[in-house]
Amino acid sequence: MSELCKELASELDRVALHEVEYAEGELFLHILLDEATRLPSKGASPNPYIVISGGRELVQSAVQSSKSPLWNEHLKVELKAIPCVLMCELWDRVVAPSGPVQGMQPADSQIGYFEVVITEEFLRDGGYRHDWHKLEGQAKNGLPEQGKVRLAYSFKAEILAQLRSGLHPGKQRTQQLVNETWVIVGKDYKTHAKTFFQKFFDYLPDDNNPFTTAGHTDLDGPFMTTHSVQVLQTVGQCVVHPDVEKELHNLLVSLGTLHKGMGIEELHFLAMEMALLDTLESALGSRWDDEVRIAWRNSFSRVHDIMLPTFRNGAPPDVASLSGTDTAMVSREGS
């Protein structure tokens, strides 16, 4: 990978690290305490609650009364720094008997614990995790090793709100945001296509720009005016209509192979991604926020994963299943 390519990749990572913004130095992780199952107990039935440490303050859940409790409770942890490790301890609340009590009250007892590791990669990802966690330390506490706790966590409260409502916020939400915002871009392809190529040219020196070396330097000229719109429309085809899996895959492989043959390199692809994000920010105005940026990066990463191997390995195109529209799009790209 060339030095320029490394710089562009590093810039994308730097941008991604700022996709989850926080005010006045505060960074909150939102946790959905979902449920637990097969919780052991020294008594008839446990009264479990969870305590989370590792943030700026201890966070505690409500107390349930079941071996398989359902919390569906939203907790918020202010983190000190990233990376970090959160210690999640499950405790059994001792319920005081009614009436007079002789002697000392028994203390709550620990059932078990597990850890949640928060990395910079997870911060950049901007999504969520929703997993079962096996409790550790149960044998040490004189209990059988069988309990599990399920929770989700994200830096975005709206994602957990969807999970609490029984929705799946992953691909559906991402695709919804991409489609909604692309409609805004599609209202003026010509203007946004010019912005896109202006940004693309900004990221590349003239001797690494395949358009300037080919003599296409006038963005208002007939070739670039037509070609820029075609390219932006093709980007939309790739990210707004991902439901046609086979056709989309074949289109991307064909485009990757076609452009490799035209001298396009990986660094040009990275510059295009940066230019696309900049163009979207300019086009969307106040509609551009962290959630939209992350949705577009996640969608474009799908294009990235299919096309880049053709730059690196020269994967052969497979256009046998392309529709007439897609085949026409490949033809226009080559014009």
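Look a little higher up for the structure.
Now for a quick tour of the structure.

Quick notes on the rules
- Residues numbered from 1 in each chain as written.
- Predicted model: local features only at pLDDT ≥ 70, side-chain atom pairs only at ≥ 80, totals over all residues.
- Heavy atoms only, no water.
- Helix = DSSP H or I, 4+ residues; strand = E, 2+ residues; numbered from the N terminus.
- Buried < 20%, exposed > 50% of the residue type's maximum accessible area, 1.4 Å probe, protein only.
- Contact = heavy atoms within 4.5 Å.
- Areas by Shrake-Rupley, 256 points an atom, 1.4 Å probe, with all protein chains shown as cover.
- Polar contact = N/O pair within 3.5 Å; in protein donor to acceptor, adjacent residues only side chain to side chain.
- Core = buried A, V, L, I, M, F, W, Y, C linked by side-chain atoms within 4.5 Å.
- Pairing = 2+ DSSP bridges.
- Salt bridge = Lys/Arg side-chain N within 4 Å of Asp/Glu carboxyl O.
- Expected span 1.5 Å × (residues − 1).

1. Quick look at the overall build of the chain
- Check the secondary structure of the chain and you find eleven helices and eight strands.
- Taking all 335 residues of the chain together, the buried fraction comes to 46%.
- Here the contacts in the chain between residues at least 6 apart in sequence split such that 71% fall between residues at least 24 apart.
- Here the chain displays about 16,700 Å² of accessible surface, and carbon together with sulfur accounts for 50% of that area.

2. Some points on the side chain of H30
- Examined against the element boundaries, H30 turns out to sit in strand β1 (residues 28-37).
- One polar contact links H30 to H74, side chain to side chain, over a distance of 2.9 Å.
- Apart from the residues within four sequence positions on either side, H30 is in contact with H74, L75, K76, A152, Y153, S154, F155, K156, A157 and L160.

3. So, the nonpolar core
- In terms of nonpolar packing, the biggest core is built from 43 residues, with W182, F196, F197, F200, L280 and W296 touching the most fellow members.
- Listed by contribution, the elements that provide at least two residues to this core are α4 (171-186), α5 (189-203), α7 (222-240), α8 (245-261), α9 (266-284) and α10 (290-313).
- Per-element accounting of this core gives the leading share, ten residues, to α9.
- Listed in part, the 30 residues of the second largest apolar core include W71, V77, I82 and L143.

4. Quick word on unusual backbone geometry
- A cis amide bond, omega 5°, links I82 with the succeeding residue P83.
- Residue position: P83 is located in the loop between β4 (70-78) and β5 (84-92).
- Phi at R38 takes a positive value of approximately 55°, unusual for a residue other than glycine.
- Here R38 shows up in the loop between β1 and β2 (48-53).

5. Remarks on the sheet that holds β5
- Here we have four strands laid out as an open sheet, ordered β3-β2-β5-β6, and antiparallel in their pairing. This sheet does not close on itself; its edge strands, each paired only once, are β3 (59-60) and β6 (109-118).

6. Some thoughts on the pattern of salt bridges
- Applying the stated rule across the entire model yields eight salt bridges.
- Here R56 and E78 are joined by a salt bridge, their closest N and O atoms 3.3 Å apart. In this pair, R56 is assigned in the loop between β2 and β3 and E78 in strand β4, connecting sequence segments 22 residues apart.
- The exposure class assigned to R56 is partly exposed, which follows from its relative accessible area of 46%.
- When the shortest N-O distance is used, the salt bridge between R93 and D108 registers 2.7 Å. On the criterion of sequence distance, the pair formed by R93 in the loop between β5 and β6 and D108 in the loop between β5 and β6 is long-range, its members being 15 residues apart.
- On the basis of relative accessibility, which here comes to 29%, the residue R93 falls in the partly exposed class.
- Taking the relative accessible area as the measure of exposure, D108 reaches 25% and is therefore partly exposed.
- Counted as one network, the salt bridges with shared partners bring together D34, E35 and R150.

7. A short note on α9
- Taking 1.5 Å per residue, 19 residues should reach 27 Å; α9 reaches 27 Å between its end C-alpha atoms and fits that length.
- Of all the 19 residues making up α9, 16 are buried; the element is thus mostly covered by neighbouring parts of the structure.
- Phi for G285, located one or two positions after α9, is positive at around 60°.

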